[in-house]
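Coordinate analysis (summary)
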Amino acid sequence: MTQQDENKEGIGGMINPRRYGIERVAYLLMRLSGLGLLAYFIGHIYETSSILKGEVGWNEFLELTQTNEGHAVLAIVIAMCVFHTVNGIRVMLGHGGVGVGKPARPDYPYTPASQNARHKIGIYSAIVLAAIAMMYGLAVMFGE
Amino acid sequence: MKIHYGTALAAVALVAVHVLMRLTQSFAESLEYENVIANYQFLPYAGMLEIILILLSVHGFNGLRVILLELKQGRVYEKAVSYGCVAAMIGLIAYGSRTIIMVNMGIV
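Worth saying up front: this structure is predicted, and the values here are computed from it rather than measured.

**Structural notes on the overall build of chain B**
- From N to C terminus, chain B includes 5 helices and 0 strands.
- Reading the secondary structure of chain B in the N-to-C direction produces α-α-α-α-α.
- Expected size for 108 residues packed as a compact globule is a radius of gyration near 13 Å; at 17 Å, chain B overshoots this value by more than 25%.
- Across its three principal directions, the C-alpha atoms of chain B cover 50 × 25 × 20 Å.
- Expressed as a percentage of the 108 residues in chain B, the buried residues total 20%.
- Considering only contacts within chain B whose residues lie at least 6 apart along the sequence, 76% involve residues at least 24 apart.

In structure tokens form, the structure reads like this:
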């Protein structure tokens, strides 16, 4: 039991993106973006409730969020949203058996068939699309 | 996982509509008080906002539950996390619904 406890890395193990390649980085980014989006969603629900205070209350809250800092935060939210969506679709497809390769006898060096080029391209695509969406979002918000 | 994936796919489609609504006019203009009130008072759009609220609350808090259960296990801990996430989910849906219903009915 003690040995088992010693092997638990806890949150440090969960947030360590090294050792297992880009798949591990995607795992970490998926969780970070999920938590970030949940925090934004709660904030967004609170923000929109200020409309109940009438036009003055709504405009006061807009003054807080429609700033350069607010736009920068929103751009990060856009990037997190796109990454979470694209990588989520990749994970769903993989879970459904799409793009994970055919079952085969495990032979040395035991390369996991599921961690193949198709899924790696999916992860890199998610990162690139998130960056493009973030740039587009910045252009829309600051281009006015 | 079916709930998590189902809510994710449905939310992607509806959130895309929600974001595209901001792009039908300039970003700042779409956030003007009159425009936002008009959005809420258009019943199909208000209904869509309510569905998005439910889908994202279920997806978000179920995701948080999964992350917390990955971190630590134990009978009491798991029950506390699950019930806590369900309570937070219900609270957020209730708070968001209050805004949608009140503005839709013109109680502002």
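Still more to cover.
**As for the overall build of chain A**
- Per the secondary structure count, chain A includes 6 helices and 0 strands.
- Helices and strands in chain A line up, N terminus first, as α-α-α-α-α-α.
- In terms of C-alpha radius of gyration, chain A reaches 20 Å, well past the compact-globule figure of 15 Å for 144 residues.
- Each principal axis of the C-alpha atoms in chain A carries an extent, and together these give about 70 × 40 × 25 Å.
- The contacts in chain A between residues at least 6 apart in sequence include a share of 70% that link residues at least 24 apart.

**A closer look at the interface of chain A and chain B**
- Contact with chain A, which involves 24 residues of that partner, is made by 23 residues of chain B.
- Counting only elements with at least two residues in the side of chain A that touches chain B, the list comes to helix H2 (10-14), helix H3 (22-48), helix H4 (54-65), helix H5 (68-95) and helix H6 (117-142) of chain A.
- Class assignment of the residues belonging to the side of chain A that touches chain B gives a composition of 13 nonpolar, 8 polar and 3 charged.

**Notes on the environment of Leu 93 of chain A**
Residue and element names in this part refer to chain A.
- With respect to the helices and strands, Leu 93 occurs in helix H5.
- Remark: the alpha-carbon pair of Leu 93 and Tyr 108, spanning 15 residues in sequence, is separated by 27 Å.
- Residues in contact with Leu 93, not counting those within four places in the same chain, are Val 98 and Gly 99.

**With respect to the nonpolar core**
- Ranked by size, the top nonpolar core spans 32 residues in total, and within it Ile 78, Ala 79, Val 82 and Phe 83 of chain A carry the most contacts.
- Looking at this core, the elements that each hand over two or more residues are H3, H5 and H6 of chain A together with helix H1 (2-22), helix H4 (43-71) and helix H5 (75-104) of chain B.
- Here this core gets 9 residues from one element, more than from any other, and that element is H5 of chain A.

**Some remarks on H3 of chain A**
- Between its first and last C-alpha, H3 of chain A extends 37 Å over 27 residues, near the 39 Å set by a 1.5 Å rise per residue.
- Buried residues in H3 of chain A make contact with H5 and H6 of chain A together with H4 and H5 of chain B.

**Let's talk about the packing of H1 of chain B against H4 of chain B**
Residue and element names in this part refer to chain B.
- Interhelical geometry of H1 versus H4 gives an angle of 140° and a closest axis separation of 9 Å. Relative to H4, the element H1 is oriented oblique. Crossing angle aside, the handedness with which H1 passes H4 is left-handed. Along the contact surface, H1 presents Ile 3, His 4, Thr 7, Ala 8, Ala 10, Ala 11, Leu 14, Val 15, Val 17 and His 18, while H4 presents Met 48, Ile 51, Ile 52, Leu 55, Leu 56, Val 58, His 59, Asn 62 and Gly 63.
- Looking at side-chain class alone, the contact of H1 with H4 contains 13 nonpolar, 6 polar and no charged residues.

What counts and what doesn't
- Residues numbered from 1 in each chain as written.
- Chains lettered and ligands numbered in written order.
- Predicted model: local features only at pLDDT ≥ 70, side-chain atom pairs only at ≥ 80, totals over all residues.
- Helix = DSSP H or I, 4+ residues; strand = E, 2+ residues; numbered from the N terminus.
- Rg over C-alpha atoms; globule rule 2.2 N^0.38 Å.
- Buried ≥ 20, exposed ≤ 12 C-beta atoms within 10 Å, placed from the backbone.
- Contact = placed C-beta atoms within 7 Å.
- Nonpolar A, V, L, I, M, F, W, Y, C, P; charged D, E, K, R; others polar.
- Core = buried A, V, L, I, M, F, W, Y, C linked by C-beta atoms within 7 Å.
- Expected span 1.5 Å × (residues − 1).
- Axes fitted to C-alpha atoms, helices over the stretch in contact; angles between N-to-C directions.
- Parallel < 35°, antiparallel > 145°, perpendicular 65-115°, else oblique.
- Left-handed = near helix turned anticlockwise from the far one by under 90°.

Read these as spatial facts, not as claims about activity.
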